[in-house]
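The chain contents come next:
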Amino acid sequence: MTAPFKQHLIDPEICIRCYTCEMTCPIEAITHDDTNVVVDPDKCDDCMACIPVCPTGSIDEWRVVETAYTLEEQFSWEELPAQAELSGGADAGKDAPVDDPVAALLAEAHSGVGGKPRAPASATKPQVNTYTIGKPVTAVVQGNYRLTAEGADTDIRHIILSFEGKPFPVLEGQTIGILPPGLDGAGKAHLPRLYSVSSPRDGERAGYHNVSLTVKRDEGGICSNYLCDLNKGDSVQVTGPFGSTFLMPEDPAARLLMICTGTGSAPMRAFTMHRQRAAAGGSGDMTMFFGARTPESLPYFGPLKKVPKSVLKQHLVFSRIEGTAKEYVQDRMMAEQDAVADLLADPATHIYICGLRGMEEGVEQALTNIAESIGQPWIALREVMREEGRYHVETY
Ligand code: NAP
């Protein structure tokens, strides 16, 4: 008989079929058919490159087996099989004793070896996957407000959803899935699209546990147009919540450096509101570099102006103001390099980067230059910060 080994699998109930894992896998071990995205057990070498890029966490599933599930079996699944009892006798839960070889294998799979992003040590433990594609929850629209000026070139909406008393525990930094109605070109139900919550954990309105989203209307976008056109009282099918690493530290002394573009500001709004509502007196400050084309197209421009400087140091950066040179967040970080260097040198600092994928390179370059100006090689510092759950990137 073969010794038990851990097999890497993908949860078909949670996966949104974005194929990012398939594009990331360096050895083409991930593949898909019309139904599921699956991992080839003959190819996968557990390198973990696909784990951090998955937006839902559906990629981080493991079973300890004596015979691997075949591709055909995985393609046929609507849900993951439970961990089978093996002759090793384990019930394979994450908390099972370590002298249990099956539990030890599963613990190894979940240990985060291989550069998996980590949550801040002081973060609250999030709930994930409460609602799935097969079992979504119905939310009701409480409001849909345009955030950008009428006539601005972008239509960004603030959409508030109520779960009408049904449990939907969500933390700042998590995402939820929206199931647009109707069918896709192949006649199948649409898969969920993910959006970051822009409200704090106790709700858009404190104590009401409603959730807000920040949604930009994309020309031809199925879900963004569906959401932006919703009216008060409409019902929406929701999955999630998702995400267990892009979370804020609960340590009141933690300092937050938030770098975002456009609707990537959604989690930063949630972080700021949570800190504002939490008891005052923490020593940790918040600094934000936020890029948009113009003030008219910067979501929450008006409300942001009302947040006191003692709570949030704001650097609002614009790329398309007529008669003014284009400025990106990374340019302003360089202009403010002493303040950024002070944050980088402080082990209490947590960095959050969210928005356009294209910004990553420029922001990394700015962080490299600034870290090196204080004698810290950025790659080494970033690794320490990642290991300590102090470095977080969510770009699309
Ligand atoms: P956008 O309006 O297209 O761009 C925002 C700003 O970023 C503009 O000033 C733009 O400048 C600038 N920019 C473009 N390339 C850049 C680069 N290489 N480095 C730095 N800045 C750059 O942004 P958006 O359409 O709102 O997109 C935000 C992104 O956030 C999307 O990819 C979205 O998927 C993602 N996101 C959304 C959510 C959500 O909950 N809705 C959550 C997380 C992430 P120019 O265009 O003038 O060059």
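Trainee: Got a minute to help me understand the overall build of the protein in this structure?
Mentor: When helices and strands are tallied, the protein shows ten helices and 15 strands. Against the compact-globule benchmark of 21 Å for 396 residues, the protein has a radius of gyration of 22 Å, which places it among compact chains. Its C-alpha atoms give the protein principal-axis dimensions of roughly 70 × 55 × 40 Å. Within the protein, the proportion of its 396 residues that are buried is 49%. When contacts within the protein are restricted to residue pairs at least 6 apart in sequence, those whose partners lie at least 24 apart make up 70%. When the accessible surface of the protein is totalled, it reaches about 18400 Å², and 52% of it is carbon and sulfur. Where the 35 positive side-chain charges of the protein centre and where its 54 negative ones centre are 9 Å apart.

Trainee: Any chance you could explain the site of the ligand here in plain terms?
Mentor: Taken together, 23 residues surround the ligand, and among them Thr214, Lys216, Ser319, Arg320 and Tyr328 come closest. In the environment of the ligand, an oxygen atom lies 2.5 Å from a nitrogen or oxygen atom belonging to the side chain of Tyr328. The separation between a nitrogen atom of the ligand and a polar main-chain atom of Gly358 is 3.0 Å. For the ligand, whose unbound accessible area comes to 930 Å², protein coverage reaches 83%. Tallied by class, residues from the shell around the ligand come to eight nonpolar, eleven polar and four charged. A domain-level breakdown of the shell around the ligand finds at least three residues from each of domain 2 (137-242) and domain 3 (255-395).

Trainee: Is there a simple way to explain the nonpolar core in this structure?
Mentor: It is characteristic of soluble globular proteins that their nonpolar side chains tend to be buried jointly. Ranked by internal contacts, the top residues of the largest apolar core, which has 23 residues, are Leu161, Ile176, Ile178, Leu227 and Val238. Among the elements of the structure, strand E5 (137-146), strand E6 (156-162), strand E7 (175-179), strand E9 (211-216), helix H4 (222-228) and strand E10 (235-242) are those that each provide at least two residues to this core. Broken down by element, the residue count for this core peaks at four residues, all from H4. Ignoring any residue separated from it by four or fewer positions in sequence, one finds Ile178 in contact with Leu161, Leu191, Pro192, Arg193, Tyr195, Leu213, Cys223, Tyr226, Leu227, Val236, Gln237 and Val238.

Scoring rules and cut-offs
Residues numbered from 1 in each chain as written. Predicted model: local features only at pLDDT ≥ 70, side-chain atom pairs only at ≥ 80, totals over all residues. Heavy atoms only, no water. Helix = DSSP H or I, 4+ residues; strand = E, 2+ residues; numbered from the N terminus. Rg over C-alpha atoms; globule rule 2.2 N^0.38 Å. Buried < 20%, exposed > 50% of the residue type's maximum accessible area, 1.4 Å probe, protein only. Contact = heavy atoms within 4.5 Å. Areas by Shrake-Rupley, 256 points an atom, 1.4 Å probe, with all protein chains shown as cover. Lys, Arg positive; Asp, Glu negative; His and termini not counted. Charge placed at Lys NZ, Arg CZ, Asp CG, Glu CD. Near = heavy atom within 4 Å. Polar contact = N/O pair within 3.5 Å; in protein donor to acceptor, adjacent residues only side chain to side chain. Nonpolar A, V, L, I, M, F, W, Y, C, P; charged D, E, K, R; others polar. Domains from an automatic or database assignment. Core = buried A, V, L, I, M, F, W, Y, C linked by side-chain atoms within 4.5 Å.

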